[in-house]
Amino acid sequence: MSTYRDFTHRGSARATVLRTVGTRERRSHLTAPRVPTVGIDIGGTKVMAGVVDADGNILEQLRTETPDKSKSPKVVEDTIVELVLDLSDRHDVHAVGIGAAGWVDADRSKVLFAPHLAWRDEPLRDALASRLVVPVMVDNDANTAAWAEWRFGAGRGEDHLVMITLGTGIGGAILEDGQVKRGKYGVAGEFGHMQVVPGGHRCPCGNRGCWEQYSSGNALVREAKELAAADSPVAHGIIERVKGNIPDITGPLITELAREGDAMCVELLQDIGQWLGVGIANLAAALDPSCFVIGGGVSAADDLLIGPARDAFKRHLTGRGYRPEARIAKAQLGPEAGMVGAADLARLVARRFRRANRRRVERYERYAQIYDQAASTIRNTRSTRTS
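Residues numbered from 1 in each chain as written. Predicted model: local features only at pLDDT ≥ 70, side-chain atom pairs only at ≥ 80, totals over all residues. Heavy atoms only, no water.

> Describe the overall build of the chain, with residues and values.
Of the regular secondary structure elements, the chain holds eleven helices and 13 strands. The burial tally for the chain puts 51% of its 387 residues in the buried class. For the chain, restricting intrachain contacts to residue pairs at least 6 apart in sequence, the fraction spanning at least 24 positions comes to 67%. Counting every atom, the chain has about 18500 Å² of accessible surface; 50% of that belongs to carbon and sulfur. (Helix = DSSP H or I, 4+ residues; strand = E, 2+ residues; numbered from the N terminus. Buried < 20%, exposed > 50% of the residue type's maximum accessible area, 1.4 Å probe, protein only. Contact = heavy atoms within 4.5 Å. Areas by Shrake-Rupley, 256 points an atom, 1.4 Å probe, with all protein chains shown as cover.)

> Please give an account of the sheet that holds strand S8 (residues 136-140) that cites residues and values.
If you walk across this open sheet you meet the five strands as S3-S2-S1-S4-S8, and the pairing is mixed. The open sheet has two edge strands, strand S3 (58-65) and S8, and neither has a second partner. Neighbour-to-neighbour, the strand axes of this sheet turn through a mean angle of 15°, independent of strand direction. In this structure, strand S1 (residues 37-42) lies alongside strand S2 (residues 46-52), joined through six bridges in antiparallel fashion. (Pairing = 2+ DSSP bridges. Axes fitted to C-alpha atoms, helices over the stretch in contact; angles between N-to-C directions.)

> Tell me about the packing of aromatic side chains, and name the residues and values.
The geometry of an aromatic ring pair is captured by the separation of the ring centres together with the interplanar angle, meaning the angle of the planes. Counting across every chain of the model gives four aromatic pairs. Considering the side-chain rings of Trp-103 and Phe-113, the 6.3 Å spacing of their centres and the 65° angle between planes classify their relative orientation as edge-to-face. With Trp-103 in strand S5 (residues 103-104) and Phe-113 in strand S6 (residues 111-113), the pair connects residues that are ten residues apart, well separated along the chain. For Trp-103, a relative accessible area of 36% puts it in the partly exposed group. Their ring planes at 40° and their centres at 5.0 Å tell us that Tyr-214 and Trp-275 sit as a pair that is tilted. With a gap of 61 residues between them, Tyr-214 in the loop between strand S11 (179-180) and helix H6 (217-229) and Trp-275 in helix H9 (residues 263-287) connect regions that are remote in the sequence. Among the residues examined, Tyr-214 registers a relative accessible area of 11% and is labelled buried. Residue class for Trp-275 comes out partly exposed when judged on its relative accessible area of 29%. (Phe/Tyr/Trp six-rings, centres within 6.5 Å; stacked < 30°, edge-to-face > 60°.)

This is how it looks when you write it as structure tokens:
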């Protein structure tokens with residue numbers, strides 16, 4: 001991992017602003033330039049950056065901690081610029097894509113709200129584009145992850161895809177006919193805040209009974225800690241593993257113990273999976289996709305989670321037995337999906353940028369040709385007068 005350096009003088013020299021991004025994504029990605037781009041995935045705990053080629057291969061990857069959310073938005077912006085310029089030293093980067101954990105407006109220029117960062121109506125795209133030599137694209141991180149899975153992963157070949165990302169909470173994205181459906185205001189896909197239990201657990205969003213309070217990493221850890229704090233006999237295995245220090249219980253630990261056969265951890269993942277299946281059945285009733293892709297950190301539990309989800313989905317699907325059932329698949333690209341998708345979406349921006357540059361070069365060449373012709377005429381005229 002590189003160390004921070006002062007890139008102020010370089011950042012000011014690398015300035016360009018791109019104002020528009022194409023909306024016809026399916027048609028555009030087929031003709032996008034096959035050039036390397038940088039994808040940035042910004043979460044509550046990490047900023048991950050990578051150079052990605054046109055086939056979705058990561059050529060180089062950097063990672064650093066997310067600056068504390070109490071700091072100004074510019075601190076996170078500085079981190080992003082540092083990573084991009086570092087990668088640009090070794091790669092010919094043509095565009096930068098940002099996948100941000102927050103609500104991004106329909107123009108993909110502002111982060112309206114980020115729960116883990118101090119971004120409120122933050123003009124992130126223009127702020128970064130003014131400091132970099134390449135154009136910038138900003139989108140929600142679940143949208144970029146879904147795009148990556150559709151292009152390179154578990155969703156290849158699907159025309160109607162819904163992605164569910166299970167992490168601290170639940171995120172999601174919708175793709176139809178190769179286009180990300182962002183909604184009128186850009187905030188579609190916030191599936192985690194569908195109400196599934198009226199009057200249920202309080203959610204940080206302010207409501208009660210949200211889906212992510214029953215099927216997410218937070219829900220998994222909460223249930224395990226409650227059992228451990230009550231000194232339940234079924235929790236003795238995990239209590240011994242953390243040596244009685246209940247705050248040390250984490251989602252990955254629960255998954256690890258479940259794989260080892262710990263009955264409580266297996267049951268907790270089954271509970272989370274069943275709630276996942278209920279929510280997916282609701283989404284199928286509303287959206288009728290051909291495929292659900294399950295990603296995020298909790299999906300690492302594989303069939304311990306997705307098996308119960310498939311069973312619950314079949315039990316709760318509206319019109320079950322009389323309609324086609326959507327495929328439920330685990331995401332293939334892992335934690336790099338958001339980064340890869342952001343880079344690939346940025347490649348659409350790179351095409352516009354390259355066209356603009358080509359037009360500028362063509363104008364310059366025409367002017368140079370006119371100048372050369374005029375200079376030649378003047379020289380010939382002077383030579384005639386002299387002779």
